[in-house]
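So the chains spell out like this:
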Amino acid sequence: MTEPLVDLQDCVHERAAGSDRFRLAVERFTLCPGDQIALVGPSGCGKSTTLDLLSLIVAPTRAGRFTLRMPQAGTLAGTLAEPVDVMALWRRGARDRLTALRAAHMGYVLQTGGLVPFLSVRENVLLTRRALGLPCPGPAVTLMETLGVAELGRRLPRQISIGQRQRVAIARALAHQPAVILADEPTASLDPSLAEGTMKLLSAVARFQKAALVVVTHDHRLAERTGLTVVECRTGAGASVVRHDSARAEAAA
Ligand SMILES: Nc1ncnc2c1ncn2[C@@H]1O[C@H](COP(=O)(O)OP(=O)(O)OP(=O)(O)O)[C@@H](O)[C@H]1O
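These numbers come from a predicted model, not from an experiment.

**Observations concerning the sheet that holds strand β4 (residues 62-68)**
Read across the open sheet, the ten strands follow the order β5-β4-β1-β2-β10-β9-β3-β8-β7-β6; overall the sheet is mixed. Bordering the open sheet on either side are β5 (84-85) and β6 (106-109), each of which pairs with just one other strand. Across six bridges, strand β1 (residues 6-17) lies against β4 in antiparallel orientation. Residue pairing in the sheet places Leu-8 in a bridge with Phe-66 of β4. Helix-sheet contacts for helix α6 (residues 162-174) involve β6 and β7 (180-184), and the interaxial angle to β6 is about 170°. Across the face of the sheet, helix α7 (residues 192-208) comes into contact with β3 (36-40), β7 and β8 (212-216) while running at roughly 160° to β8.

Next comes the structure, spelled out in structure tokens:
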């Protein structure tokens, strides 16, 4: 059985804004190498919050288990290192360690690209590689060619189209070869024909790099056409619930 990269069990995140209370219960969530998941559900159900939990940006209020087991440096989805107890890191307030884990092993694609406006396309793509001290450009050249943005390297983000910006954002998220790619509505700002091509490219490059992919999307059908496993964030009595156990799904197949 494949070992999960991410393993959450009985994880709860609660927040209050004024008199509004929000409660998200991740009953179980495992993410294995090669998984490609689309997280869908009604507006406000907690899809982005789930992504923020997975990307170590938001702390769980409590968790029965929250571990990360990432590939050892330089093995690209090969041998997995010993599990890291993420919940223990949050309890200890070890934010530097959480930030380092996120930077080394995760890539994040935002809805509107989030590119640094005063850096060229090439420097945007290389940003995380440089921060991690990895050789540059490394695999970024092939990645930019695959995503059709290699010719745009010298331009600034404002000098390219919105569709190109999203493909640059995908290149940036993958350039340091993270084990996990998280994307929040990566095609929402694109027209439907561009959205389909971009989602399929994201899926293809993630598969090529052997990274696991979690995409938040409103477009259930696009997720299915792309071949992503659809996981629903359900709203219930007083809480939203997410459940996905890819390790079990594989065992049952
Ligand atoms: N920074 C915040 N402070 C307080 N409440 C927040 C904050 N961000 C989100 N929320 C609330 O938390 C709940 C979950 O929000 P979240 O963004 O995770 O939902 P979502 O499913 O991604 O929504 P959408 O599909 O509309 O983007 C909502 O009730 C939202 O209003």
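Back to the write-up after that little detour.
**Let's talk about helix α1 (residues 47-54)**
Among the eight residues that make up α1, seven are buried, leaving the element largely enclosed by the rest of the structure. Restricting attention to buried positions, one finds in α1 the residues Lys-47, Thr-49, Thr-50, Leu-51, Asp-52, Leu-53 and Leu-54. Just past α1, the residue Leu-56 takes up positive phi, approximately 65°.

**Some details on the site of the ligand**
Around the ligand, a shell composed of Arg-15, Ala-17, Phe-22, Pro-42, Ser-43, Gly-44, Cys-45, Gly-46, Lys-47, Ser-48, Thr-49 and His-218 is seen. A distance of 2.7 Å separates an oxygen atom of the ligand from a polar side-chain atom of Arg-15. For the ligand, whose unbound accessible area comes to 630 Å², protein coverage reaches 56%. Elements with a contribution of two residues or more to the shell around the ligand: β1 and α1. Sorting elements by how many residues they give to the shell around the ligand places α1 first, with three residues.

**Comments concerning the nonpolar core**
With 40 residues, the main nonpolar core has Val-6, Phe-29 and Val-180 as its most contacted residues. Apart from residues no more than four positions distant in its own chain, Phe-29 is found in contact with Val-6, Asp-7, Leu-8, Ile-37, Leu-54, Val-214, Val-242 and His-244. One finds Val-109, Met-144, Leu-147 and Ala-173 within the second-largest nonpolar core, a separate group that totals 34 residues.

**Quick word on the confidence of the model for the protein**
Predicted confidence across the protein gives a mean pLDDT of 91, with 94% of residues reaching 70 or more. Scored by ipTM, the complex comes to 0.95, with pTM at 0.93.

**Thoughts on the pattern of salt bridges**
Considering all chains together, one arrives at eleven salt bridges under this definition. Notably, a salt bridge pairs Arg-62 with Glu-14, separated by 3.8 Å at the nearest N-O pair. Linking Arg-62 in strand β4 with Glu-14 in strand β1, this pair joins segments that are 48 residues apart in sequence. With its nearest N and O atoms 2.7 Å apart, the salt bridge here joins Glu-196 to Lys-200. Within this pair, Glu-196 and its partner Lys-200 are both found in helix α7, separated by four residues, close to a single helical turn. Beyond isolated ion pairs, a larger network of salt bridges with shared partners links Asp-7, Arg-28, Arg-65 and Asp-245.

Criteria and cut-off values
Per chain, the residues get numbers from 1 upward, laid out in the order the sequence is written. The model is predicted, so local features are restricted to residues of pLDDT at least 70 and side-chain atom pairs to those at 80 or more, both for listing and for counting; the totals for chains, interfaces and linings are taken over all residues. Side-chain figures throughout are based on the complete set of non-hydrogen atoms in the structure, without hydrogens or water. When DSSP locates at least two bridges between a pair of strands, those strands are taken to pair. Segments assigned H or I by DSSP are reported as helices when at least four residues long, segments assigned E as strands when at least two residues long, and all are numbered from the N terminus. Note on definitions: a residue-residue contact is assigned when non-hydrogen atoms from the two residues lie within 4.5 Å. All axes are obtained by fitting lines to C-alpha atoms, using only the stretch in contact for helices, and the reported angles, taken between N-to-C directions, cover 0 to 180 degrees. We call a residue buried when its accessible area falls under 20% of the maximum for its residue type, exposed when it is over 50%, and partly exposed in between, using a 1.4 Å probe and counting protein chains only. Nearness here has a simple test: a residue counts as near a molecule or strand if at least one of its heavy atoms is within 4 Å of that partner. In the analysis that follows, any N or O atom pair within 3.5 Å is treated as a polar contact, provided that within protein one partner can donate a hydrogen and the other can accept it, and provided that, for residues neighboring in sequence, both atoms belong to side chains. Method for areas: the Shrake-Rupley scheme with a 1.4 Å probe, in which residue coverage is limited to the protein chains shown. The term nonpolar core refers to a set of buried residues drawn from Ala, Val, Leu, Ile, Met, Phe, Trp, Tyr and Cys, joined through side-chain atoms within 4.5 Å. pLDDT is defined as a per-residue confidence score from the predictor, taking values between 0 and 100. Any carboxyl oxygen of Asp or Glu that lies within 4 Å of a side-chain nitrogen of Lys or Arg is treated as forming a salt bridge with it.

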